[in-house]
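# Examination of the molecular architecture
Listed here are the chains, written in short residue letters.
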Amino acid sequence: QNVTPAISDPVQLAQAEQKKQEVFKQLFKDPTNLSLLFEYANLSILVGDLEGAIGVFEQMLIYDSELPRIRLELGVLYFRLGAYALANNYLKSVKEYDPPPEVVAKVDGFLDAIVNAEKSIQWQQIQ
């Protein structure tokens, strides 16, 4: 875990961890199965393992670089971890795939948040 899990109920958290382990075992048999990889990454996010999810999403892009949804997910995850340069790159790349307006709005919201976060970091360094 590198962030607080999205699930606060201990029973549900244990169930998500168990499901994550089951999917992990399935991945040994079929490591390039994008559906299993996506499921594993989402379970990782639920249990607070953002770095694990990032690794899986990055792996998915190795298998298929034309996945704008995965690029969006990576941008959001890197943002949540404060890795703004990486978040910025992935989020901007989503726009290259001509996404629907609601996705563009989401991307732009995160890009604005990155600018604001970086401004506060620069301001703190000046003091």
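Residues numbered from 1 in each chain as written. Predicted model: local features only at pLDDT ≥ 70, side-chain atom pairs only at ≥ 80, totals over all residues. Heavy atoms only, no water.

## Notes on the overall build of the chain
When its secondary structure is counted, the chain shows 6 helices and 0 strands. Element order for the chain, N to C, with α for helix and β for strand: α-α-α-α-α-α. Along the first, second and third principal axes, the C-alpha set of the chain runs to 50 × 35 × 25 Å. Out of the 127 residues belonging to the chain, those deemed buried represent 35%. Total accessible area computed for the chain in this model is approximately 7600 Å², and 54% of it derives from carbon and sulfur atoms. Each charge class in the chain was averaged separately, 11 positive and 17 negative side chains, and the resulting centres sit 2 Å apart. (Helix = DSSP H or I, 4+ residues; strand = E, 2+ residues; numbered from the N terminus. Buried < 20%, exposed > 50% of the residue type's maximum accessible area, 1.4 Å probe, protein only. Areas by Shrake-Rupley, 256 points an atom, 1.4 Å probe, with all protein chains shown as cover. Lys, Arg positive; Asp, Glu negative; His and termini not counted. Charge placed at Lys NZ, Arg CZ, Asp CG, Glu CD.)

## A look at the nonpolar core
Phe57, Ile70, Leu74, Leu77 and Leu91 are the most contacted members of the largest nonpolar core, which has 32 residues in total. Among the secondary structure elements, those contributing two or more residues to this core are helix H1 (10-29), helix H2 (34-46), helix H3 (50-63), helix H4 (68-80), helix H5 (84-94) and helix H6 (101-126). For Leu91, the residues in contact, after removing those within four places along its chain, are Leu72, Gly75, Val76, Val107, Phe110, Leu111 and Ile114. (Core = buried A, V, L, I, M, F, W, Y, C linked by side-chain atoms within 4.5 Å. Contact = heavy atoms within 4.5 Å.)

## Section: unusual backbone geometry
Positive phi, normally seen in glycine, also occurs at Asp98, with a value near 50°. Inspection of the secondary structure puts Asp98 in the loop between H5 and H6.

## A word on the packing of H4 against H5
In a pair of packed helices, the angle between the axes and the distance between the axes together describe the arrangement. Relative to each other, H4 and H5 sit at 155°, their axes nearing to 8 Å. The angle between H4 and H5 falls in the class roughly antiparallel. Of the two elements, H4 crosses H5, and the hand of that crossing is left-handed. Two secondary-structure elements touch here, H4 through Pro68, Arg71, Leu72, Leu74, Gly75, Val76, Tyr78 and Phe79 and H5 through Tyr84, Leu86, Ala87, Tyr90, Leu91, Ser93 and Val94. Within the contact of H4 with H5, the residues separate by chemical class into 12 nonpolar, 2 polar and 1 charged. (Axes fitted to C-alpha atoms, helices over the stretch in contact; angles between N-to-C directions. Parallel < 35°, antiparallel > 145°, perpendicular 65-115°, else oblique. Left-handed = near helix turned anticlockwise from the far one by under 90°. Nonpolar A, V, L, I, M, F, W, Y, C, P; charged D, E, K, R; others polar.)

## Structural notes on the environment of Ala53
By the secondary structure assignment, Ala53 is in helix H3. Residue classification places Ala53 among the buried residues on the basis of a relative accessible area of 0%. Taking the C-alpha atoms as reference, Ala53 lies 13 Å from Val23; in sequence the two are 30 residues apart.

## Some points on the packing of aromatic side chains
Taken as a whole and assessed by the stated rule, the structure comprises 6 aromatic pairs. Where Phe38 meets Phe57, the ring centres are 6.0 Å apart and the plane angle is 50°; that geometry is what we call tilted. One end of the pair, Phe38, is in helix H2; the other, Phe57, is in helix H3, with 19 residues separating them in the sequence. For Phe38, a relative accessible area of 24% gives the class partly exposed. Ring centres of Phe79 and Phe110 lie 5.2 Å apart, and the angle between their planes is 75°; this geometry places the pair in the edge-to-face category. Here Phe110 lies in helix H6 and Phe79 lies in helix H4, a separation of 31 residues in the sequence. (Phe/Tyr/Trp six-rings, centres within 6.5 Å; stacked < 30°, edge-to-face > 60°.)

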